[in-house]
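# Per-entry structural report
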Amino acid sequence: HFRSGYLKADPTDDRAQEDVEVYLENEARAYESLLSPVLHPGGEDRSRYRQHAIELLRQASVNLATIMKRNPNDQGSRATLANLQMRLATLQRETPQRAQAATLANEGLATLLELAVPANAPVYALDNLSTGRLGVQAMLRLNPADTVAYAHIAVALAPQEGVYHLTLAQAYRARGHPEK
């Protein structure tokens, strides 16, 4: 498998770990997209797509954990790992692993809150918190108004970034205000 050879070339080089993590995360996102009835109306193989996405996110999490062992203060990797935990929880709530989903979601949420609350929080941490909350909001009974508030802050910090506006629109929709 190309990934294992790529990583074995220089196991101390975080760039290889990061490249593989991004590849795994992007491939998982493709499978997550196939779960959407809007993007994939046929619905066949959804269970298989869910399992593929879960396995890929788990592998990406292992890569991030390896990176974080060498650099435990890397806030970007911590935020990405927490985001992966939230995505895994969202996927697992529809499987026999649903009992683990809430624990995983709470761990990811705690990390993202820690990273996003300081006044100097990076905008990506706020967006990760907003998008993560959207996935687990119902499961953890989170207040949708808080998700909208975090998304608003991200837009205010980087109004030129369209992705943050999309997150804000999704937060409004989840709150029951799709017109905003």
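All of these numbers come straight from a predicted model, not from anything done at the bench.

Time to look at the overall build of the chain. The number of helices and strands found in the chain is eight helices and zero strands. For the chain, the N- to C-terminal ordering of α and β elements is α-α-α-α-α-α-α-α. Against the 2.2 N^0.38 benchmark of 16 Å for 180 residues, the chain shows a C-alpha radius of gyration of 17 Å, consistent with a compact globule. Here the chain, with 180 residues, has 42% of them falling under the buried criterion. Contacts in the chain between residues far apart in sequence, at least 24 positions, make up 57% of those at least 6 positions apart. Entry remark: accessible area of the chain is about 9700 Å², with carbon and sulfur atoms responsible for 54%. Counting 19 positive and 20 negative side-chain charges, the chain places the centres of these two groups 7 Å from one another.

Our focus in this paragraph is unusual backbone geometry. Unlike most non-glycine residues, Asp-45 shows phi in positive territory, near 70 degrees. Its location among the elements puts Asp-45 in the loop between helix 2 (14-34) and helix 3 (46-70). Assessed through its relative accessible area of 35%, Asp-45 is described here as partly exposed. Unlike most non-glycine residues, Arg-141 shows phi in positive territory, near 55 degrees. Its location among the elements puts Arg-141 in the loop between helix 6 (123-140) and helix 7 (144-157).

Quick look at the packing of helix 7 against helix 8 (residues 162-175) now. At a closest axis distance of 9 Å, the pairing of helix 7 and helix 8 adopts a crossing angle of 165 degrees. With respect to helix 8, the axis of helix 7 lies roughly antiparallel. Helix-helix and strand crossings are classified by hand; for helix 7 and helix 8 the assignment is left-handed. Facing Pro-144, Ala-145, Thr-147, Val-148, Ala-151, His-152, Ala-154 and Val-155 of helix 7, the residues of helix 8 in contact are Tyr-164, His-165, Thr-167, Leu-168, Ala-171, Tyr-172, Ala-174 and Arg-175. In terms of residue class, the contact of helix 7 with helix 8 is made up of 11 nonpolar, four polar and one charged.

The terminal C-alpha atoms of helix 2 lie 30 Å apart, and with 21 residues this matches the ideal 30 Å at 1.5 Å per residue to within 8%. Every buried residue of helix 2 is accounted for by Ala-16, Gln-17, Val-20, Glu-21, Leu-24, Glu-25, Ala-28, Tyr-31 and Glu-32. For helix 2, the arc enclosing every buried residue in end-on projection is 160 degrees, short of the 170-degree limit, so these residues lie on one face.

A few words now on the packing of aromatic side chains. For any pair of aromatic rings, the description rests on two quantities: the centre-to-centre distance and the angle between the ring planes. Counted by the stated rule, this structure contains one aromatic pair. Relative to Tyr-49, the ring of Tyr-31 has its centre 5.9 Å away and its plane inclined at 40 degrees; by these criteria the two rings are tilted. Of this pair, Tyr-31 sits in helix 2 while Tyr-49 sits in helix 3; the two residues are 18 residues apart in sequence, bridging distant segments of the chain.

With respect to the secondary-structure elements, Leu-34 resides in helix 2. Each C-alpha atom, one on Leu-34 and one on Ala-53, is 9.9 Å from the other, the two residues being 19 residues apart in sequence. Ignoring anything within four residues of it in the chain, the contact list for Leu-34 reads His-40, Arg-46 and Tyr-49.

Quick look at the pattern of salt bridges now. Going through the model one piece at a time under the given rule, you end up with six salt bridges. Close ionic contact of Arg-48 with Asp-45 constitutes a salt bridge, the shortest N to O distance being 2.9 Å. Beyond isolated ion pairs, a larger network of salt bridges with shared partners links Glu-25, Arg-29, Glu-32 and Arg-87.

What counts and what doesn't
- Residues numbered from 1 in each chain as written.
- Predicted model: local features only at pLDDT ≥ 70, side-chain atom pairs only at ≥ 80, totals over all residues.
- Heavy atoms only, no water.
- Helix = DSSP H or I, 4+ residues; strand = E, 2+ residues; numbered from the N terminus.
- Rg over C-alpha atoms; globule rule 2.2 N^0.38 Å.
- Buried < 20%, exposed > 50% of the residue type's maximum accessible area, 1.4 Å probe, protein only.
- Contact = heavy atoms within 4.5 Å.
- Areas by Shrake-Rupley, 256 points an atom, 1.4 Å probe, with all protein chains shown as cover.
- Lys, Arg positive; Asp, Glu negative; His and termini not counted.
- Charge placed at Lys NZ, Arg CZ, Asp CG, Glu CD.
- Axes fitted to C-alpha atoms, helices over the stretch in contact; angles between N-to-C directions.
- Parallel < 35°, antiparallel > 145°, perpendicular 65-115°, else oblique.
- Left-handed = near helix turned anticlockwise from the far one by under 90°.
- Nonpolar A, V, L, I, M, F, W, Y, C, P; charged D, E, K, R; others polar.
- Expected span 1.5 Å × (residues − 1).
- Arc of directions from axis to C-beta.
- Phe/Tyr/Trp six-rings, centres within 6.5 Å; stacked < 30°, edge-to-face > 60°.
- Salt bridge = Lys/Arg side-chain N within 4 Å of Asp/Glu carboxyl O.

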